[in-house]
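Structural characterization, general
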Amino acid sequence: MSDTGTVIIDELSVPIVLAPMAGGPSTPELTAAVTAAGGLGVLAAGYLSATETAARLAATRALTTAPFGINLFTPGPPTPPAAFADYLAELGAKHEVGTPKYDTDDWDAKLDLLVATPVAVVTFTFGCPTAAEVARLHAVGSEVWVTITSAAEARIAAEAGADVLIAQGAEAGGHRATFVDRVADDSTDPLGLLALLQVLTLAVDLPIVATGGISTGAGIAATLAAGAAAAQLGTAFLRCPEAGTNPVHRAALGAATPTMLTRAFTGRRARGLRNRFMDEHSATAPVAYPEIHYATAPLRAAARTAGNPEEVNLWAGQTHALTSELPAGELVHVLAADTKTALKRALSRRIQDC
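Heads up: these notes are all about the structure in this document. Along each chain, residues carry numbers from 1 onward, in the same order as the chain's sequence is written. Given that this is a predicted model, residues contribute local features only at a pLDDT of at least 70 and side-chain atom pairs are listed and counted only at 80 or more, while totals for whole chains, interfaces and linings are drawn from all residues. With hydrogens and water set aside, each side-chain value is computed from the structure's full complement of heavy atoms.

Details of unusual backbone geometry
A negative phi holds for most residues other than glycine; trans holds for most peptide bonds. Which entries qualify depends on this criterion: Comment: elements are numbered from the N terminus, with helices defined as DSSP H or I runs of at least four residues and strands as E runs of at least two. Relative accessibility under 20% of the residue-type maximum defines a buried residue, over 50% an exposed one, and the middle range a partly exposed one, all with a 1.4 Å probe and only protein chains included.
Pro 290 follows Tyr 289 through a cis peptide bond whose omega is 10°. One non-glycine residue, Tyr 47, lies in positive phi territory at about 75°. Tracing the sequence through the fold places Tyr 47 in the loop between strand S2 (42-44) and helix H2 (50-63). According to the relative accessible area criterion, Tyr 47 is partly exposed, its value standing at 26%. Backbone geometry places Phe 126, a non-glycine residue, at a positive phi of 80°.

So, in structure tokens, the structure goes:
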């Protein structure tokens with residue numbers, strides 16, 4: 001945050017942030033297109049080495065001179081092999097299974113890279129960086145944004161020095177950003193976005209970016225009215241030509257297929273389009289990320305090659321049926337115009353005195 005108390009959100013032409021979407025959909029072209037249209041493009045670095053991340057950063061900088069962001073996965077602890085041995089045996093009876101492994105997603109090297117070649121915003125998912133790590137990024141002029149799903153996580157991020165909170169509602173596609181994924185928590189309903197925003201505005205005094213189930217201008221307007229400074233959209237951009245969305249995934253979006261939360265593909269709770277693999281394995285899938293992510297990689301790759309949507313993680317938010325195939329820049333302009341219209345319509349409604 002600057003000395004004036006402002007953050008980059010305050011300088012955007014439109015209050016739209018691109019969700020990073022690691023694993024393929026995120027590209028320099030998509031990041032640059034959203035940025036050029038007046039929003040904030042955020043590049044995904046999840047699953048990439050520091051060397052690959054540097055190449056993506058260079059490609060993005062070649063496409064835009066405007067500020068953009070990058071997202072890192074905060075590493076968690078390894079999982080004992082005994083915790084997922086039975087699940088691997090279950091999968092291996094029907095599928096080609098790879099080698100489960102633990103890694104930190106090249107965490108230290110990526111932080112060093114971003115200190116050496118700073119970007120405007122560094123966002124974090126799956127946990128909160130330490131106060132010392134936040135200070136390193138602040139020292140080179142980067143804002144630090146932390147994705148949270150509860151007031152307790154928001155307080156942790158605020159204490160570490162975060163400049164902005166990304167509030168992820170239960171409607172969001174892809175992995176839940178919870179700091180600690182626990183089976184014991186599954187019996188508790190995760191907070192939807194509007195509920196989370198209302199809780200957070202009373203819990204912390206930081207700018208909030210809302211994310212989860214937002215695919216229209218009306219959705220953006222609702223989050224702004226609920227206290228968010230901007231909205232982060234991911235699923236809405238999956239069908240844009242600039243996105244690197246796999247053809248199997250792209251073809252499945254826009255239909256009325258329901259979504260569900262599952263650990264079956266990666267060992268971490270995530271929302272995607274419901275398919276056979278999720279139905280067969282969600283009940284027995286353990287908490288074991290990233291070990292299960294690597295173990296299922298071969299079967300997911302085979303399914304994508306075969307054009308089989310039943311064995312692929314089709315991450316998507318609850319409003320995926322509302323997505324379009326517009327170019328990303330055009331989509332940002334349409335969403336911005338629709339947001340203005342929705343806000344004006346809401347303000348025009350008469351509210352009578354009690």
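Focus: H2
For clarity, the cut-off: Expected span of a helix: the number of residues minus one, times 1.5 Å. What the arc covers is the set of directions going from the helix axis to the C-beta atoms. Contacts are assigned to residue pairs with any non-hydrogen atoms lying within 4.5 Å of each other.
With 14 residues, H2 should cover 20 Å at 1.5 Å per step; its first-to-last C-alpha distance of 20 Å lies within 8% of that length. Along H2, the residues that are buried comprise Ala 50, Thr 53, Leu 57 and Thr 60. Taken down its axis, H2 places every buried residue within 80° of arc, on the same side. What points out from H2, more than 90 degrees from its buried face, is the exposed set Thr 51 and Ala 62. On its buried face, H2 is in contact with helix H1 (28-36), S2, strand S3 (69-73) and helix H4 (107-116).

Quick notes on the pairing of strand S8 (residues 208-211)
Note the cut-off: Two strands are said to pair when DSSP picks up at least two bridges between them. A crossover gets the label right-handed when its path from the first strand over the helix to the second runs clockwise, viewed with the strands pointing away from the viewer.
Residues Ile 208 and Ala 210 line one face of S8 and the alternating positions Val 209 and Thr 211 line the opposite face, and both faces are buried. The pairing of strand S6 (residues 164-168) with S8 spans 4 bridges and is classified as parallel. When the bridges of S8 are listed, Leu 165 appears paired with Ile 208. Note that the unit made of S8, helix H8 (residues 217-225) and strand S9 (residues 230-233) has a crossover that is right-handed.

Notes on the side chain of Arg 239
Going by this rule: We call two N or O atoms a polar contact when they sit within 3.5 Å, provided that within protein one can donate a hydrogen and the other can accept it, with sequence-adjacent residues counted only if both atoms are side-chain atoms.
Position of Arg 239 relative to the elements: it lies in the loop between S9 and helix H9 (247-252). Here Arg 239 falls in the buried class, since its relative accessible area comes to 15%. In terms of polar contacts, Arg 239 uses its side chain to reach the side chain of Glu 325, at 3.3 Å. With near-sequence residues (within four places) excluded, Arg 239 lies in contact with Arg 250, Leu 253, Gly 254, Thr 323, Ser 324 and Glu 325.

Fair warning: the whole summary comes from geometry, so function is off the table for now.
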